[in-house]
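Breakdown of the fold
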Amino acid sequence: MIKGYDFSHYQGETYQNYRDGDFYILKATEGIKFKDKKFNEMASYFRGICAKAIGAYHYAHPEKNSWKKEADHFLKTVKSNLPCVLALDWEGEALKCDIKWARAWLDYVFAQTGIRPLFYCQSSYVDSVGDAIVSGGYGLWVARYTNIGKPKVGKWGKYAIWQKTSKPVDTDYFNGTLAGFLKYGAPVI
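Please read all numbers here as calculations on a predicted model, not as lab measurements. (Residues numbered from 1 in each chain as written. Predicted model: local features only at pLDDT ≥ 70, side-chain atom pairs only at ≥ 80, totals over all residues. Heavy atoms only, no water.)

All right, on to the overall build of the protein then. Helices and strands together make up the secondary structure of the protein, namely 6 helices and 9 strands. Split into buried and exposed, the 189 residues of the protein put 51% on the buried side. Considering only contacts within the protein whose residues lie at least 6 apart along the sequence, 60% involve residues at least 24 apart. Summing over all exposed atoms, the protein offers an accessible surface of approximately 8800 Å²; the carbon and sulfur share of this is 52%. Of note, the protein has its 26 positive side-chain charges centred 3 Å away from the centre of its 19 negative side-chain charges. (Helix = DSSP H or I, 4+ residues; strand = E, 2+ residues; numbered from the N terminus. Buried < 20%, exposed > 50% of the residue type's maximum accessible area, 1.4 Å probe, protein only. Contact = heavy atoms within 4.5 Å. Areas by Shrake-Rupley, 256 points an atom, 1.4 Å probe, with all protein chains shown as cover. Lys, Arg positive; Asp, Glu negative; His and termini not counted. Charge placed at Lys NZ, Arg CZ, Asp CG, Glu CD.)

Below you can see the structure in the form of structure tokens.
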């Protein structure tokens, strides 16, 4: 198991205090207009620390937008940082929406990049996903803040990444080696 962090502009400049990660996943976009103002800066900074062990995620707003518009916005933003691990953040209002939206977004991003994105959600939601995401071969990035027990993984059977704490920053653990993490960011041939 290797340790990493995920960051967005909310961390300001404090992200520079976390040089001990094996990997870093950065917020790139949200909805159809928001681009994280720190994304390019953080991607450049962390590439200097760990080369290709970088990820980018999109915070979904299916209650407001089409999956295609959000996916195109994300792809336009991350295109200069590929290959890297990609992920769809499914939380907040998205939890009330049809999971088919998420599957369409994931399938499209995979078709455009050759990189199979991860699906991020909280542990209490994994049973609600059913086969919709799992059947596409998309890995689970699961949030459960605890030191007691492991997160629920539902039909996945295992998690790829466990976001274990948000204090003082989001700290994640990849269920494998650095080589395994890098495979999630490599195009499937």
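Having seen it, we continue.
A few words now on the nonpolar core. Most often, soluble globular proteins have nonpolar side chains that are buried together. In this structure, Phe7, Trp90 and Phe119 are the most contacted members of the largest nonpolar core, which totals 61 residues. If you tally residues by element for this core, the top one is helix 3 (residues 99-113), at 7 residues. Not counting residues within four places of it along the chain, the set of residues in contact with Phe119 comprises Leu88, Trp90, Ile99, Ala102, Leu106, Tyr125, Val129, Ile133, Gly139, Leu140, Trp141 and Trp156. (Core = buried A, V, L, I, M, F, W, Y, C linked by side-chain atoms within 4.5 Å.)

When you line up the elements, Thr77 lands in helix 2 (residues 67-78). Owing to a relative accessible area of 10%, Thr77 belongs among the buried residues under this scheme. Here His73 takes part through its backbone oxygen, which lies 3.0 Å from a polar atom of the side chain of Thr77. Beyond its immediate chain neighbours, meaning those up to four positions away, Thr77 contacts Ala28, Thr29, Lys35 and Phe39. (Polar contact = N/O pair within 3.5 Å; in protein donor to acceptor, adjacent residues only side chain to side chain.)

Opposite charge on two side chains permits them to pair, given that their charged atoms come into close proximity. Taken as a whole and assessed by the stated rule, the structure comprises 9 salt bridges. Here Lys96 and Glu93 are joined by a salt bridge, their closest N and O atoms 3.3 Å apart. We classify Lys96 as exposed; its relative accessible area is 66%. Three or more residues are tied together by salt bridges with common partners; here these are Glu13, Lys38 and Glu41. (Salt bridge = Lys/Arg side-chain N within 4 Å of Asp/Glu carboxyl O.)

Applying the stated criterion to the full structure yields 23 aromatic pairs. Aromatic pair Phe7 and Tyr18: ring centres 5.9 Å apart, planes at 50 degrees, arrangement tilted. Pair noted here: Phe7 is in strand 1 (residues 2-7) and Tyr18 is in the loop between strand 1 and strand 2 (23-30), with a separation of 11 residues, a long-range link. Grouping aromatic residues by their ring pairs yields a cluster made of Tyr5, Phe7, Tyr15, Tyr18, Tyr24, Tyr45 and Phe46. When the ring centre of Phe110 is taken as reference, the NZ or CZ atom of Arg116 above it lies at 4.2 Å. The aromatic ring of Trp162 is capped on one face by Lys164, whose charged end is 4.9 Å from the ring centroid. (Phe/Tyr/Trp six-rings, centres within 6.5 Å; stacked < 30°, edge-to-face > 60°. Lys NZ or Arg CZ within 6 Å of the ring centre and 35° of its normal.)

Below, the discussion takes up the layout of surface pockets. Size it by volume and the largest pocket reaches roughly 280 Å³. Around the largest pocket, the lining is made up of 18 residues, and of these Ser8, Tyr57, Asp89, Glu91 and Asp170 lie nearest the centre. Residue assignment for the lining of the largest pocket shows that the elements contributing at least two residues are strand 1, strand 2 and strand 4 (54-59). Its residues assigned to classes, the lining of the largest pocket shows 8 nonpolar, 4 polar and 6 charged. (1 Å grid on protein atoms, 1.4 Å probe; cavity = no way out; pocket = protein on both sides within 12 Å on 5 of 7 lines; lining within 4 Å. Points joined across faces, edges and corners; volume = space filled by probe spheres on them. Nonpolar A, V, L, I, M, F, W, Y, C, P; charged D, E, K, R; others polar.)

Moving on, we come to helix 1 (residues 39-50). Look at helix 1: 16 Å from first C-alpha to last across 12 residues, which is about the 16 Å you get at 1.5 Å a residue. What helix 1 keeps buried is the set Phe39, Met42, Ala43, Phe46 and Cys50. End-on, the buried residues of helix 1 take up no more than an arc of 100 degrees, which puts them together on one face. Facing away from the buried surface of helix 1 by more than 90 degrees, the exposed residues are Ser44 and Gly48. Buried residues along helix 1 sit against strand 1, strand 2, strand 4 and helix 2. One or two positions beyond helix 1, positive phi appears at Ala51, with a value near 55 degrees. (Expected span 1.5 Å × (residues − 1). Arc of directions from axis to C-beta.)

Right, let's talk about unusual backbone geometry for a bit. The peptide bond linking Lys167 to Pro168 adopts the cis configuration, its omega dihedral lying at 0 degrees. Topologically, Pro168 is positioned in the loop between strand 8 (161-165) and strand 9 (170-174).

By themselves, these observations are geometric and do not establish any function.
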